Amino acid sequence: MDISVVIPLYNEEESLPELSAWIERVMNENQFSYEIIFINDGSTDKSWEVIKSLKENNSNISGIKFRRNYGKSPALYMGFLKAQGDVVITMDADLQDSPDEIPSLYNMITSQNYDLVSGWKRKRYDPLSKTIPTKLFNATARYVSGIKLHDFNCGLKAYKKDVVKNIEVYGDMHRYIPFLAKNSGFKRIGEKEVHHQARKYGVTKFGLDRFVNGYLDLMTLWFLSKFGIKPMHFFGLLGSLMFLLGFISVVLVGFYKLYAMNHGMSYRLVTDSPYFYIALTMMILGTQLFLTGFLGELISRNSTERNNYNVEEEI
């Protein structure tokens, strides 16, 4: 099979017939063998009934229905498990992503040998309250991940089948699939400028809280990529430095008192100095951080995925 189109959705009953017909037309015009996988993420409207009706008229359509709303990442995860196409295309169900982009995305994967191609909506039909935070979010993601993409969160992406079968999308990590792919060894990541259409039906399902959660998820992903299997390298180093600085400070406070006593200078008790308590706090925190790293190493060592490496080829 050439292409699997994975479409997560939540309350998009109005757009599904038009989107399905549009994808079908593009596939037939380019003579692609394909499947369309709709993941109904706990919709409260008639989206599932529409999907079942569409399947009756097109055997290439299949669907997965969640009992409740889990989020976009779990929906993509289930879609990736089910996908069988050599190239996997993801897009949103709100008709803001154009299926006409599919042939060129497919070509970039198959002919130009990209592992992943992310869409870039240069011209967007969104309010400033959405576009400005998006620009800040993408700038931060580019800096942290080292991947030069303009739009990490674009729903329109293309992947080699190997990519979606070797990454785990969870929580809200769908925003950072290029970062997940890079951490799994898929480094040929490209970008294509795509057309963005104004929303035709319904309203957006995302609020401003996604930017706060997105920042926290980015920090989590960065930490896991750097220290996920070697937490002592982070906590142990930081804890050792804090303990060392605290210890040196305590020594200096005690040395100053001894110096003052031996030279007949006025002095006060060590415990009267605020520097003593600051130093003591640093030593305690340093010890706790070191023990955190040690416990992290014990947990990591017992993880079933500690030696789970992605092997590209074996002869």
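Residues numbered from 1 in each chain as written. Predicted model: local features only at pLDDT ≥ 70, side-chain atom pairs only at ≥ 80, totals over all residues. Heavy atoms only, no water.

## Quick look at a nonpolar patch on the surface
Selection criterion: Patch definition: residues with relative accessible area over 30% and no salt bridge; like charges joined within 9 Å; nonpolar side chains (Val, Leu, Ile, Met, Phe, Trp, Tyr) joined within 5 Å. A 1.4 Å probe and the Shrake-Rupley method give the accessible areas. Residues count as covered only by the protein chains that appear here. In the sections that follow, a salt bridge refers to a side-chain nitrogen of Lys or Arg positioned within 4 Å of a carboxyl oxygen of Asp or Glu. In DSSP terms, a helix is any run of H or I states spanning at least four residues, a strand is any run of E spanning at least two, and both are numbered starting from the N terminus. Summary of the burial criterion: residues with accessible area below 20% of their type's maximum are buried, those above 50% are exposed, and those between are partly exposed, where the area comes from a 1.4 Å probe applied to protein chains only.
Where nonpolar side chains cluster on the molecular surface, the patch consists of F243, L244, F247, I248, V251 and L252 and spans about 540 Å² of accessible area. For V251, the position within the fold is in helix α9 (residues 232–262). By relative accessible area, V251 is classed as partly exposed at 43%.

## Describing the sheet that holds strand β2 (residues 34–40)
Our working rule: Here the rule is simple: two strands pair whenever DSSP picks up at least two bridges between them. Angles here are taken between N-to-C directions and fall from 0 to 180 degrees, while the axes themselves are lines fitted to C-alpha atoms, restricted in helices to the stretch in contact. In this description, contact between two residues means that some pair of their heavy atoms is separated by no more than 4.5 Å.
Read from one edge to the other, the open sheet built from seven strands follows the order β3-β2-β1-β4-β6-β5-β7, with strand pairing classed as mixed. The sheet is open, and its two edges are formed by β3 (61–65) and β7 (189–193), each paired on a single side. Averaged over all adjacent pairs, the angle separating strand axes in this sheet is 20°, with direction ignored. Pairing analysis gives four bridges linking strand β1 (residues 3–9) to strand β4 (residues 87–90), with the strands arranged parallel. Bridged to V5 within β4 is I89. Where helix α1 (residues 16–29) meets the sheet, its contacts fall on β1, β2 and β3, and the angle it forms with β2 comes to roughly 160°. Along the sheet, helix α3 (residues 72–82) contacts β1, β2, β3, β4 and β6 (157–160); its crossing angle with β1, the most-contacted strand, is approximately 155°.

## Points about the packing of aromatic side chains
To be explicit about the condition: Stacked, tilted and edge-to-face pairs are distinguished by plane angle, under 30 degrees for stacked and over 60 for edge-to-face with tilted covering the rest, among Phe, Tyr and Trp rings (Trp via its six-membered ring) whose centres lie within 6.5 Å. Here, over-ring charges are defined by two tests on the NZ atom of lysine or the CZ atom of arginine: distance to the ring centre within 6 Å, and angle to the ring normal within 35 degrees.
Applying the stated criterion across every chain yields a total of five aromatic pairs. Relative to Y70, the ring of F66 has its centre 5.2 Å away and its plane inclined at 90°; by these criteria the two rings are edge-to-face. By relative accessible area, F66 is classed as buried at 11%. Their ring planes at 85° and their centres at 5.0 Å tell us that F234 and F235 sit as a pair that is edge-to-face. Its relative accessible area of 27% is what places F234 among the partly exposed residues. In this structure, R188 packs its charged tip against the face of Y114, placed 5.2 Å from the ring centre.

## Here's the deal with the pairing of β3
The sheet contact formed by β2 and β3 spans five bridges and is parallel. Note on β3: the bridge partner recorded for F38 is G63.

## Re the environment of S20
Examined against the element boundaries, S20 turns out to sit in helix α1. Considering only alpha carbons, one finds S20 and I61, 41 residues apart in sequence, at a separation of 8.7 Å. Dropping the residues within four chain positions of it, S20 is found in contact with I36, F38, L54 and I61.

## Comments concerning the packing of α9 against helix α10 (residues 274–301)
The following threshold applies: Each angle gets one of four labels, with under 35 degrees taken as roughly parallel, over 145 as roughly antiparallel, 65 to 115 as roughly perpendicular, and the rest as oblique. Crossing handedness is read from the near helix: turned anticlockwise from the far helix by less than a right angle, it gives a left-handed crossing, and turned clockwise, a right-handed one.
Remark: α9 packs on α10, axes separated minimally by 7 Å, with the N-to-C direction vectors making an angle of 160°. Our classification of the angle between α9 and α10 gives roughly antiparallel. Relative to α10, α9 is oriented so that their crossing is left-handed.

## Concerning the nonpolar core
Heads up, the condition is: Nine residue types can take part in a nonpolar core, namely buried Ala, Val, Leu, Ile, Met, Phe, Trp, Tyr and Cys, and a core is a set of them joined through side-chain atoms within 4.5 Å.
If you look at the biggest cluster of nonpolar residues, it comprises 34 residues, and the most contacted ones within it are I3, V5, I7, F38, I89 and M91. Mapped by element, the contributors of at least two residues to this core are β1, α1, β2, α2 (47–57), β4 and α4 (102–110). Per element, the largest residue contribution to this core is six residues, and it comes from α1. Among all residues touching I89, those that are not within four sequence positions of it are I3, S4, V5, V6, I102, L105, L156, K157 and A158.

## Some points on the pattern of salt bridges
Summed over the entire model, instances satisfying the criterion amount to six salt bridges. Across the pair R25 and E29 runs a salt bridge whose closest N-O atoms are separated by 3.3 Å. Taken together, the residues span about one helical turn, with R25 and E29 both in helix α1 at a distance of four residues. Residue E29 is classed as exposed on the basis of its relative accessible area of 54%. Note that E101 is salt-bridged to K192, the shortest N-O span being 2.7 Å.

## Digging into the side chain of N138
Counting through the fold element by element, N138 comes out in helix α5 (residues 128–145). Apart from residues no more than four positions distant in its own chain, N138 is found in contact with H150, D151, F152 and N153.

## As for unusual backbone geometry
Of note, N11 is a non-glycine position whose phi angle comes to about 55°, a positive value. Tracing the sequence through the fold places N11 in the loop between β1 and α1. The phi dihedral of Q31 falls on the positive side, at around 55°, and the residue is not glycine. In this structure, Q31 sits in the loop between α1 and β2.

Nothing here speaks to function; it is geometry throughout.
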